Amino acid sequence: MHRGILVDLLDRNDDHVAALPSGSFDRQRDGQRPGVVSVCCSDSRVSQEGMFAVDEPGFLFTSGAIGNSVSALVGGERVLDGSVAYPLRHTHTEVLVVVGHTGCGAVDAALTAARTGEFPPEPGVRADVEALLPIVEAGLNDPAVVGDAVDGVDNGDPDNDADTSVRDRLVEYNVHEQVAFARESEEAADATVYGFVYDLHGVYGDRDGAVYLVNADGERDPAALRDLVGEAHADHVATLLER
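One structure accompanies this document, and this report is about it. (Residues numbered from 1 in each chain as written. Predicted model: local features only at pLDDT ≥ 70, side-chain atom pairs only at ≥ 80, totals over all residues. Heavy atoms only, no water.)

## Quick word on the overall build of the protein chain
Here is step 1 of the chain: A tally of helices and strands in the protein chain yields nine helices and seven strands.
Here is step 2 of the chain: For 243 residues, the compact-globule estimate of 2.2 N^0.38 gives 18 Å, and the C-alpha radius of gyration of the protein chain, at 19 Å, lies within 12% of that figure.
Here is step 3 of the chain: Overall, the C-alpha framework of the protein chain stretches about 60 × 50 × 45 Å when taken along its three principal axes.
Here is step 4 of the chain: Here the protein chain holds 243 residues, and 40% of them are scored as buried.
Here is step 5 of the chain: For the protein chain, the share of sequence-separated contacts (at least 6 apart) that also reach a separation of at least 24 residues comes to 62%.
Here is step 6 of the chain: Accessible surface for the protein chain amounts to roughly 13,300 Å². Of this, 48% is attributable to carbon and sulfur atoms.
Here is step 7 of the chain: A distance of 3 Å separates the average location of the 17 positive side-chain charges in the protein chain from that of its 44 negative side-chain charges. (Helix = DSSP H or I, 4+ residues; strand = E, 2+ residues; numbered from the N terminus. Rg over C-alpha atoms; globule rule 2.2 N^0.38 Å. Buried < 20%, exposed > 50% of the residue type's maximum accessible area, 1.4 Å probe, protein only. Contact = heavy atoms within 4.5 Å. Areas by Shrake-Rupley, 256 points an atom, 1.4 Å probe, with all protein chains shown as cover. Lys, Arg positive; Asp, Glu negative; His and termini not counted. Charge placed at Lys NZ, Arg CZ, Asp CG, Glu CD.)

Here it is, written out as structure tokens:
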């Protein structure tokens, strides 16, 4: 038994309780109306609350999924995942954000599967990677993803700069595909959907932990996105998929 981890968890909860202002849940005890539902990759380095400095209950409805996938397979059909559909339909949430991140292991696994046909052995992990595979395969046929790194695509060397560049572009490509799927769903018909990439490798800029807006309701043009966010936040707009 990992008693040390257990004690650490309880110590962290004590810190959480001590940091909560008095009455933090007074407006939330009988229900919730979060302003945003966030779908982020299930990666320990990527904190959904942390990246947006959320320190109060009731603002962010969080959904973690391998590869920041917004879909689930139900009866053989791809549908909007319940953890996304629920807040959009039942808690009056009107904004969905999809957040990918640099160095995504799920995208890397799908890229490996596309190249070699090899999948992770765990059935649940394999299913999640299989869901990403069509997206990655489509991305590998997109010049904006492959670019001038074509020669590096097939060597499978994670230390190869061209290979790393393709992976990072696939991360952004996947965000666009997840945003598109969400926008086509009935549950998100009235929602605003944003796509971000969380950068922890200095790929988009020089600020660790910055999010970069790459999509707003299907709009991907950086100039239009900068107009949307305004001059003060223009440095939060970037793309690796210049066409």
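Read on for the rest.
## Topic: the pattern of salt bridges
Here is step 1 of the chain: Evaluated as defined, the whole model comprises eight salt bridges.
Here is step 2 of the chain: Ionic pairing is found between Asp43 and Arg45, a salt bridge with its closest N-O pair at 2.8 Å.
Here is step 3 of the chain: Of the charged contacts, one joins Arg167 and Asp108 as a salt bridge, the two residues approaching to 2.3 Å between their closest N and O atoms. Of this pair, Arg167 sits in helix α8 (residues 161-184) while Asp108 sits in helix α4 (residues 105-116), placing them 59 residues apart in sequence.
Here is step 4 of the chain: A relative accessible area of 14% means that Arg167 is categorised as buried. (Salt bridge = Lys/Arg side-chain N within 4 Å of Asp/Glu carboxyl O.)

## Here we look at unusual backbone geometry
Here is step 1 of the chain: We note that Ala53 has phi near 50 degrees; this positive angle belongs to a residue other than glycine.
Here is step 2 of the chain: Turning to its location among the elements, Ala53 is positioned in the loop between α2 (48-51) and β2 (60-65).
Here is step 3 of the chain: Among the residues examined, Ala53 registers a relative accessible area of 61% and is labelled exposed.
Here is step 4 of the chain: Its identity is not glycine, yet Asn68 carries a phi of approximately 40 degrees, on the positive side.

## Looking at the packing of aromatic side chains
Here is step 1 of the chain: Summed over all chains, the structure comprises four aromatic pairs.
Here is step 2 of the chain: Seen from their ring centres, Tyr204 and Tyr212 are 5.4 Å apart, and the 20 degrees between their planes marks the pair as stacked.
Here is step 3 of the chain: Among the aromatic side chains, those forming a connected cluster through ring pairs are Phe52, Tyr194 and Phe196. (Phe/Tyr/Trp six-rings, centres within 6.5 Å; stacked < 30°, edge-to-face > 60°.)

## Observations concerning the nonpolar core
Here is step 1 of the chain: In this structure, Leu80, Leu88, Leu96 and Leu170 are the most contacted members of the largest nonpolar core, which totals 40 residues.
Here is step 2 of the chain: Sort the elements by how many residues they give to this core and α8 lands first, with seven residues.
Here is step 3 of the chain: When residues no more than four places from it in sequence are discounted, the contact partners of Leu96 are Val37, Val39, Val84, Ala182, Thr192, Val193 and Tyr194.
Here is step 4 of the chain: Grouped together as the second largest cluster of nonpolar side chains are 15 residues, Val36, Met51, Leu225 and Val237 included. (Core = buried A, V, L, I, M, F, W, Y, C linked by side-chain atoms within 4.5 Å.)

## Regarding a negative patch on the surface
Here is step 1 of the chain: Negative charge collects at one region of the surface, where Glu219, Asp221, Asp227 and Glu242 lie side by side.
Here is step 2 of the chain: Mapped onto the elements, Asp227 comes out in helix α9 (residues 222-229). (Patch = residues over 30% accessible without salt bridge, like charges linked within 9 Å, V, L, I, M, F, W, Y side chains within 5 Å.)

## What about the environment of Ala65?
Here is step 1 of the chain: Tracing the sequence through the fold places Ala65 in strand β2.
Here is step 2 of the chain: With 34 residues separating them along the chain, Ala65 and Gly31 place their C-alpha atoms 24 Å apart.
Here is step 3 of the chain: The contact partners of Ala65, leaving out residues within four places of it in the chain, are Cys40, Cys41 and Ser42.

## Regarding helix α3 (residues 82-90)
Here is step 1 of the chain: Turning to α3, its buried residues number three or more, namely Val84, Ala85, Pro87 and Leu88.
Here is step 2 of the chain: Buried residues along α3 sit in contact with β1 (36-41), β2, β4 (77-80) and β5 (95-101).
Here is step 3 of the chain: A positive phi of about 65 degrees marks His92, the residue just after α3.

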